[in-house]
Amino acid sequence: MSTTPNVPYRLEFSVEVPGTPAQVWQAIATAKGMSAWFLPTEMEEREGGSLHFTMGPEMGSDGQVTGWDPPRRLAYEEDWAALMGKDRDALSPLTSEFLVEAQSGGTCIVRVTSSGFGTGAAWESEFWDDMGPNWIPFFDNLRLYLSHFPGQEATQLEATASHPGDAHALWSTLHDALGLGDEGATVEVRGATGRIERVGERQTLIRLTAPVPGMLSVFAYSEDDSTATAGVRAYLFSADAADYVRREEPAWQTWLQGLTVPA
């Protein structure tokens, strides 16, 4: 097999979101905006600026802004090889582009393209097969953010726990333990109340209304053939959010670790 990165990979999708192009640009092209619906982000907001996404303790992705045309086009590259612990010569940068198109009625279409080149290794195909299911649900967060919290800065809460078994069984346990329901239902989740906005595969997105307004994503995913992870990620919009996170993040962590998954 060649070790030259000449095998192309590509993911394309579009989403319609509320807001003006300026509001959408703030959400997708600033560190404050990206951190409010995606991952904690550091960004020098200019062409050539550095970029960093925090993916967890001691894990992140570094890159550079390669296209900057407010409020229409953002492009950036991430160091795909460094992220995956691979030989830099075997992989191209992972490139993402956002195009914003205004629509009538106060909405915008965001067209997203991610692409890269590899060697055709099996793990690369798996990476790209998983990329869509892992990436696209964040745009439900974006839609909810622009609908209810545009321009606001988020305080994030995140907790995860690994369990033996498969993701379907873990999700069923997590779903039932939290009493999650269908889209539109009112729900109480460990003392927080809200409305279920989106139900996906092994994922539920809730708009929180009390005690702190925000968004809560509950999810489960496979780590490998024998292990799965349950998690929650919240984006909170309130002066009280930091105190809430200090109190509730350890409690969520302990609760997730204590889940009992049927064999």
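None of the values given here were measured: they were computed from a predicted structure.

Here's the deal with the sheet that holds strand β7 (residues 107–118)
For step 1, the next point in the chain: On the basis of which strands lie adjacent, the open sheet formed by seven strands has the order β1-β7-β6-β5-β4-β3-β2 and antiparallel pairing. One side of each edge strand has no neighbouring strand; the edge strands of this open sheet are β1 (7–18) and β2 (41–43). For this sheet, the mean inter-axis angle between neighbouring strands, taken without regard to orientation, is 20 degrees.
For step 2, the next point in the chain: In the sheet, β1 pairs with β7 via twelve bridges, with the strands oriented antiparallel. Bridge pairing links R10 to S115 in β7.
For step 3, the next point in the chain: Packing of helix α4 (residues 122–135) onto the sheet brings it into contact with β1, β5 (73–78), β6 (94–103) and β7, and relative to β1 it is tilted by some 0 degrees.

Re empty space enclosed by the protein
For step 1, the next point in the chain: Enumeration according to the criterion identifies one cavity of 30 Å³ or more in this entry.
For step 2, the next point in the chain: Approximately 50 Å³ is the volume attributed to the largest cavity.
For step 3, the next point in the chain: Looking at the largest cavity, the residues that line it are L157, V189, A192, L208, L216, A234, Y244 and W252.
For step 4, the next point in the chain: By residue class, the composition of the lining of the largest cavity is eight nonpolar, no polar and no charged.

Considerations on the packing of aromatic side chains
For step 1, the next point in the chain: A full pass over the atoms with the stated rule returns 23 aromatic pairs.
For step 2, the next point in the chain: Here the aromatic residues F13, W37, F38, F53, Y76, F98, W135, F138 and F139 are joined through ring pairs into a cluster of three or more.

A few points about α4
For step 1, the next point in the chain: If you check α4, its first and last C-alpha atoms are 20 Å apart, about what 14 residues at 1.5 Å a residue would give, namely 20 Å.
For step 2, the next point in the chain: Taken together, the buried positions of α4 are occupied by E124, F127, W128, M131, G132 and W135.
For step 3, the next point in the chain: Its buried side turned inward, α4 meets β1, β5, α3 (80–84), β6, β7 and α5 (138–148).

Re the packing of helix α1 (residues 21–29) against α5
For step 1, the next point in the chain: It is at 11 Å that the axes of α1 and α5 come closest, and there the two elements cross at 130 degrees. Taken together, the axes of α1 and α5 lie oblique to each other. Pair α1 / α5 crosses with right-handed handedness. Along its contact with α1, which presents Q23, V24, Q26, A27 and I28, the element α5 presents L142, Y145 and L146.
For step 2, the next point in the chain: A breakdown of the residues in the contact of α1 with α5 according to their chemical character gives six nonpolar, two polar and no charged.

Considerations on unusual backbone geometry
For step 1, the next point in the chain: Between P70 and P71 the backbone carries a cis peptide bond, its omega angle lying at -10 degrees.
For step 2, the next point in the chain: Within the secondary structure, P71 sits in the loop between β4 (59–69) and β5.
For step 3, the next point in the chain: In this structure, the amide linkage connecting A210 to the following residue, P211, adopts the cis form with an omega of 0 degrees.
For step 4, the next point in the chain: Positionally, P211 belongs in the loop between β11 (203–210) and β12 (214–222).
For step 5, the next point in the chain: At R190, a position not held by glycine, the phi torsion is positive, near 50 degrees.
For step 6, the next point in the chain: Tracing the backbone shows R190 in the loop between β9 (186–189) and β10 (192–200).
For step 7, the next point in the chain: Judged by relative accessible area, which is 33%, R190 ranks as partly exposed.
For step 8, the next point in the chain: Phi is positive for R202, close to 55 degrees, though the residue is something other than glycine.
For step 9, the next point in the chain: Relative to the helices and strands, R202 resides in the loop between β10 and β11.

So, how was this worked out
Residues numbered from 1 in each chain as written. Predicted model: local features only at pLDDT ≥ 70, side-chain atom pairs only at ≥ 80, totals over all residues. Heavy atoms only, no water. Pairing = 2+ DSSP bridges. Helix = DSSP H or I, 4+ residues; strand = E, 2+ residues; numbered from the N terminus. Axes fitted to C-alpha atoms, helices over the stretch in contact; angles between N-to-C directions. Contact = heavy atoms within 4.5 Å. 1 Å grid on protein atoms, 1.4 Å probe; cavity = no way out; pocket = protein on both sides within 12 Å on 5 of 7 lines; lining within 4 Å. Points joined across faces, edges and corners; volume = space filled by probe spheres on them. Nonpolar A, V, L, I, M, F, W, Y, C, P; charged D, E, K, R; others polar. Phe/Tyr/Trp six-rings, centres within 6.5 Å; stacked < 30°, edge-to-face > 60°. Expected span 1.5 Å × (residues − 1). Buried < 20%, exposed > 50% of the residue type's maximum accessible area, 1.4 Å probe, protein only. Parallel < 35°, antiparallel > 145°, perpendicular 65-115°, else oblique. Left-handed = near helix turned anticlockwise from the far one by under 90°.

Worth remembering: the numbers are spatial, not functional.
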